[in-house]
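# Summary of structural features
Here is how the chains run, residue by residue.
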Amino acid sequence: MKRRAPFRRAAQHFSFTEFAFMFLLSVLFSISVVLSNHICITGGTYAGTIKENYIAPYSVADFGTFAVLVVVSFIIAMLAYGLCRHQLSRPAKEQAGIHPLMTKPILLYTGCIALLHIPYLLAYWPGFIFGDSISSINQALGNTGYSNHHPVAYTLLIQGCISLAHSLGLSTTSGCALYSLFQTVIMALSYSILIQWIVQRLGARKVWAVALIALFGITPYIATYSIAMWKDPLFSAAIVVITVLLFDLVATKGAIATTSKAWIPLFAFESIVIAFLRSNGIAIEALLLVGLLAYAILDRKRSDSRMLAVVSAIPAIAIAASLLITGPIYNSLGISPNEKVEGLGVPLNQMARVVTYDGDTTESDKEYMSSLLPLEQYQEVYAPTCTDPLKWNTQFNPEPLTDDFWPHWLSMLVKNPLVYFEAWEMQTFGYWTVNHPSVVFHQGNISGGVPRTAEDPREAPSLGIQPKNLFGNDLVYSILPYNNYSIPIGWLTWLLLFISMAFALVKKTKWILPLIPSLALILSLLIASPIWYWERYAAALQFLLPFYITMLFVIPKINGSTEQTAQK
């Protein structure tokens, strides 16, 4: 009977509000499953046409499926919520203060993980180079002018590595390898900070550290991502670290920012990285700023309000610095800005779908859409799951995007809300579906970028880059594959929603603050994703899965006493 006690308690004394919100979550979840069942992907997801990628007709049977899903998911959600509520409210056997993370274990873990990733670098020397990488390498070599289409900060990192290699008499290939090695170490460091946080905050045995080192070190998906020459890995590392920092900020009621000499510099550095390395970084920092201000105001009587005000200023400064540098300063230096179309992926495809399906439009709307691309071209060019075929079409004219785009977008929305929803659905479903086979079994994170390898170097040799397999044996590719399974992002999206709702319902809303970077990241993709699914954009959520679970066990151990925070 004692074994059943937690489950009995979990099923009792739920309030109407708890039932209502969990029911709402179950309804939304069930809708997502039904919608996913009707998304048909029979062609390529990059340039597949409306004949290949489409939404199948709905039927009366969908209502039955929906009803069953609601009942089943509601029961599971209530049971899971009850267990979470019990876990979060139970008194801990021992209370724990939040001391700064120990440095030596972090460095040790970093070395171990980096060493485990080195074989991948040797097999795919000098790291995975993609079309995006080629663009930045050309800029780094002085072949083309600087452009913020791919962040200049990221290009300068590549340029620094190549210049260092050249100064030592080494090749451009070695410079790219140096960048890959640098990124590998930074990624390993972020994983190690997370591992040490889990071990130290839980008071767990070292065997858990070993298990997590193995997880982050030998998983092909993680190892290959660490040597991929994209801006996304370093961005993801910043999201991981800043999430851990935010948890400790809440746990100490702001005191950690004073008592730890490293906290504010590290928080400021990661904020700058987030703001400068991805176009959605500013949006993430803006939502983080709102969350920090809300926390400072709502918890002002129990927390160090002065220090929280200082911390809140950091994302504001990061946003201002990013806008100033990538705006007026870049303009004065002749650096090409990021194209406006890059931030309009979903809205642009919504409008294109209306034209493609001959939706209801005014003459003014038709003229506007025709100024972007001849109307007769939309059916051939529009790809439901990706904006690229439209925006990179040779006949596409981006100039009108700076003039009256949103009024026309709104005009077409009012007349075609269902078409707009379908367009959004097709272009974002990878980030919220839990059951679509193309996502659940997706293994194309690296191959989706078309890496320049020893077998297919493409334009790399013309830049002095010679991809090689330094092992000299193709058998290594079966041991160290670059296409591998990863946890679907949609699963993590729903987990984040569930945990956030659970915190709010048990009146522990402040613990949502550490989740804001993750929530803001997925929200930005749901609003402006340029493609239906690509793990690299939201990989931080996958890396943070151990954190999401661990925090449910750490929170009960925290007494919130700032006196127990270690002094440095």
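Notes on the structure in this doc start here.

Scoring rules and cut-offs
- Residues numbered from 1 in each chain as written.
- Predicted model: local features only at pLDDT ≥ 70, side-chain atom pairs only at ≥ 80, totals over all residues.
- Heavy atoms only, no water.
- Helix = DSSP H or I, 4+ residues; strand = E, 2+ residues; numbered from the N terminus.
- Buried < 20%, exposed > 50% of the residue type's maximum accessible area, 1.4 Å probe, protein only.
- 1 Å grid on protein atoms, 1.4 Å probe; cavity = no way out; pocket = protein on both sides within 12 Å on 5 of 7 lines; lining within 4 Å.
- Points joined across faces, edges and corners; volume = space filled by probe spheres on them.
- Nonpolar A, V, L, I, M, F, W, Y, C, P; charged D, E, K, R; others polar.
- Phe/Tyr/Trp six-rings, centres within 6.5 Å; stacked < 30°, edge-to-face > 60°.
- Lys NZ or Arg CZ within 6 Å of the ring centre and 35° of its normal.

### Some words on unusual backbone geometry
Here the amide bond leading from Trp125 into Pro126 is cis, since omega sits at 5°, within 30 degrees of zero. Looking at the secondary structure, you find Pro126 in the loop between α4 (103-123) and α5 (131-140). The phi dihedral of Val450 falls on the positive side, at around 55°, and the residue is not glycine. Assignment of secondary structure puts Val450 in the loop between α21 (437-440) and α22 (476-479). Assessed through its relative accessible area of 33%, Val450 is described here as partly exposed. Positioned with a positive phi, Lys507 is a non-glycine residue whose angle comes to about 60°. Here Lys507 shows up in the loop between α23 (489-505) and α24 (516-528). Here Lys507 falls in the exposed class, since its relative accessible area comes to 74%.

### Some points on empty space enclosed by the protein
Scanning the entire structure with this criterion turns up 1 cavity of 30 Å³ or more. Roughly 50 Å³ of internal volume is contained in the largest cavity. Taken together, Ala123, Tyr124, Trp125, Gly127, Phe128, Arg452, Thr453, Ala454, Pro467, Lys468 and Tyr477 form the lining of the largest cavity. When the residues that make up the lining of the largest cavity are grouped by side-chain class, the tally is 7 nonpolar, 2 polar and 2 charged.

### Description of the packing of aromatic side chains
Taken as a whole and judged by the stated rule, the model has 33 aromatic pairs. Counting every residue linked through ring pairs, the aromatic cluster contains Tyr124, Phe128, Phe130, Trp230, Tyr477, Tyr482, Trp534 and Tyr537. For the cation-ring pair, Arg536 lies above Trp534, with the distance from its terminal atom to the ring centre recorded as 4.2 Å.

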